[in-house]
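Geometric and topological summary
The primary structure of each chain is shown beneath.
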Amino acid sequence: MKPIDTISMELAQQRQNSLTKPPGSLGQLEAIAIQLAACQGTSCPQIKQPWISVFAADHGITEEGVSAFPAVVTQEMVKNFSAGGAAITVISKQEKAYFEVVDVGVFNDVSPLPNLVSERVAPGSFNFAQQPAMNQTMLAQAMQVGKNAVARALSKGADLFIAGEMGIGNTSSAAVIISQLCQLPLANLVGRGTGVNDEQLLHKYKVLKAALNLHQADMQTPEDVLRCIGGLEIAALTGAYLECAREGLPMVVDGVIACAAALLAYEMQPAVKPWMLFGHQSIEPAQQAVFKHIDVTPILDLEMRLGEGSGAAMALPIIRLACALHANMATFEEAQVSDAH
Ligand SMILES: O=C(O)c1ccc[n+]([C@@H]2O[C@H](COP(=O)([O-])O)[C@@H](O)[C@H]2O)c1
Ligand SMILES: Cc1cc2nc[nH]c2cc1C
């Protein structure tokens, strides 16, 4: 992992303290500017070109009836991303971010389509209620798909990376991964995902609890957890996050599924943390366990639960404003404002 620049970080902290405001009064906006200064190796960071890759894959666990929506929605939404009709594509146009959707393994191949990168590892992951979600080869290939996206982002000059995901059933994987890695009871972490009712939620919990028990003995390392519980897009996100930190590209993490991948990357390489911003707090309960475990604060809380990278992308204007304030506010000296006693 690339080390952050602690000198730029210190200079940015000093600059924040010299600006015409009581120190700390811009709250988390100050922390965002200081963190990006440390990542970019400059006392005045800037986001000129954000990049968004949405990783899509299907999940064998959908056979168990754990989602409110049918699995076919994953591939239908891939077409919608390609056509520009999804929430994340609207945000990315508005924010002038590069956008691509990456097929890591939806059930049916929908390529070729505009803005679609086809890097299919398998037609979906296996049903982890019955067997490991992936074998070693699938795991390695799916993580490489994420790394490839970071390479494309860097080749286009991107300075901020957002990974989104699309996969009906993936809140099931996220809840189990987070339960296992945080060593917290699954019962408090299973959420409604796309919107299951009370009865379906209880069924989802029972299926996932049995699956957790099935794989428990085989999950010794974070790699084991990822292979056993999946899915392909979560592996791609994990690979992308590790690669961002290796290359020194700051990233904004999205909702509960992205946070499961961020947690996996953190457990594999804790030095990824200073490269990560957390865009928003989702409704899904498991995400807060990740924030607590890694000890981070999300930027926004808009009660979103969409995924696609949408909550991370919504934080872009705030991140850009944090940089603009940092760069353009006057200092006490410049504005001849009296400093604290
Ligand atoms: O990002 C989140 O926190 C989030 C919360 C709930 C649902 N989602 C999205 O909804 C899908 C998974 O929901 P489910 O119910 O099918 O497991 C998947 O495509 C995610 O992008 C995403
Ligand atoms: C329509 C729809 C859009 C989504 N985007 C991310 N997850 C989703 C799930 C559904 C059901």
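Residues numbered from 1 in each chain as written. Chains lettered and ligands numbered in written order. Predicted model: local features only at pLDDT ≥ 70, side-chain atom pairs only at ≥ 80, totals over all residues.

Looking at an unreviewed UniProt entry, one finds the protein named Nicotinate-nucleotide--dimethylbenzimidazole phosphoribosyltransferase, with Thiomicrorhabdus immobilis as its source organism. Quoted verbatim from the Pathway (unreviewed entry) field of the UniProt record, the comment on the protein reads "Nucleoside biosynthesis; alpha-ribazole biosynthesis; alpha-ribazole from 5,6-dimethylbenzimidazole: step 1/2." In UniProt, the protein has this text filed under Catalytic activity (unreviewed entry): "5,6-dimethylbenzimidazole + nicotinate beta-D-ribonucleotide = alpha-ribazole 5'-phosphate + nicotinate + H(+)". (UniProt positions renumbered as here; feature names shortened; annotations may be inferred.)

In the contact formed by helix α10 (residues 256–268) and helix α11 (residues 286–294), the axes pass within 9 Å of each other and the chain directions differ by 30°. The angle between α10 and α11 falls in the class roughly parallel. When you trace α10 past α11, the crossing you get is left-handed. Contacts from Val256, Cys259, Ala262, Leu263 and Tyr266 in α10 reach Ala286, Gln287, Val290, His293 and Ile294 in α11. Along the lines of polarity and charge, the residues of the contact of α10 with α11 split into eight nonpolar, two polar and no charged. (Axes fitted to C-alpha atoms, helices over the stretch in contact; angles between N-to-C directions. Helix = DSSP H or I, 4+ residues; strand = E, 2+ residues; numbered from the N terminus. Parallel < 35°, antiparallel > 145°, perpendicular 65-115°, else oblique. Left-handed = near helix turned anticlockwise from the far one by under 90°. Contact = placed C-beta atoms within 7 Å. Nonpolar A, V, L, I, M, F, W, Y, C, P; charged D, E, K, R; others polar.)

This part is about the pairing of strand β4 (residues 160–166). Of all seven residues that make up β4, seven are buried, and the element is covered over most of its length. Residues of β4 alternate between two faces, with Leu160, Ile162, Gly164 and Met166 on one and Phe161, Ala163 and Glu165 on the opposite face, all of them buried. The pairing of strand β1 (residues 50–57) with β4 spans seven bridges and is parallel. Note on β4: the bridge partner recorded for Val54 is Gly164. (Buried ≥ 20, exposed ≤ 12 C-beta atoms within 10 Å, placed from the backbone. Pairing = 2+ DSSP bridges.)

Glancing now at the domain arrangement of the protein. Domain boundaries in the protein define domain 1 (6–45 + 325–335) and domain 2 (50–318). Taking the mean C-alpha position of each, domain 1 and domain 2 sit 32 Å from one another. Domain 1 puts six residues into the contact, and the matching count from domain 2 is seven residues. Grouping the amino acids of the side of domain 1 that touches domain 2 by side-chain chemistry returns four nonpolar, two polar and no charged. (Domains from an automatic or database assignment.)

Moving on: the pairing of β1. Each regular strand carries side chains that alternate between the two faces of the sheet. Judged by how many residues are buried, β1 sits mostly within the fold: eight of eight residues are covered. In the sheet, β1 pairs with strand β2 (residues 98–105) via seven bridges, with the strands oriented parallel. In the strand pairing of β2, Val54 is matched with Val101.

With that settled, the discussion passes to the environment of Thr238. With respect to the helices, strands and loops of the structure, Thr238 is situated in helix α9 (residues 232–247). Thr238 sits in the buried class, given 31 other C-beta atoms within 10 Å. The sequence separation of Thr238 and Ala163 amounts to 75 residues, and the corresponding C-alpha distance is 9.5 Å. When sequence neighbours within four positions are dropped, the list of residues in contact with Thr238 reads Met143, Gly146, Leu226, Ala261, Leu264 and Ala265.

The next point concerns the site of ligand 2. Taken together, Phe69, Val73, Met77, Met166, Thr194, Leu306, Gly307 and Glu308 are the residues near ligand 2. Residues belonging to the shell around ligand 2 are distributed by class as follows: five nonpolar, two polar and one charged. (Near = placed C-beta within 6 Å.)

So, on to the environment of Leu208. In this structure, Leu208 sits in helix α7 (residues 198–215). Given 26 C-beta atoms within 10 Å, Leu208 falls into the buried group. Beyond its immediate chain neighbours, meaning those up to four positions away, Leu208 contacts Ser172, Ala175, Val176, Leu186 and Val190.

All right, on to the UniProt feature "active site" (unreviewed entry) in the protein then. Residues given the UniProt feature "active site" (unreviewed entry) here are Glu308. Here Glu308 is to be found in the loop between β8 (300–304) and α12 (310–314). Glu308 has contacts with Val54, Ala86, Ala87, Ile88, Gly164 and Met166, leaving out every residue within four places of it along the chain.

Phe161, Ile178, Ala236, Tyr241, Ala260 and Ala262 are the most contacted members of the largest nonpolar core, which totals 107 residues. Tallying contributions element by element places α10 first for this core, with eleven residues. When residues are assigned to domains, this core turns out to be shared by domain 1 (6–45 + 325–335) and domain 2 (50–318), each giving three or more. When sequence neighbours within four positions are dropped, the list of residues in contact with Ala260 reads Ser173, Ala174, Ile177, Ile178 and Ile234. (Core = buried A, V, L, I, M, F, W, Y, C linked by C-beta atoms within 7 Å.)

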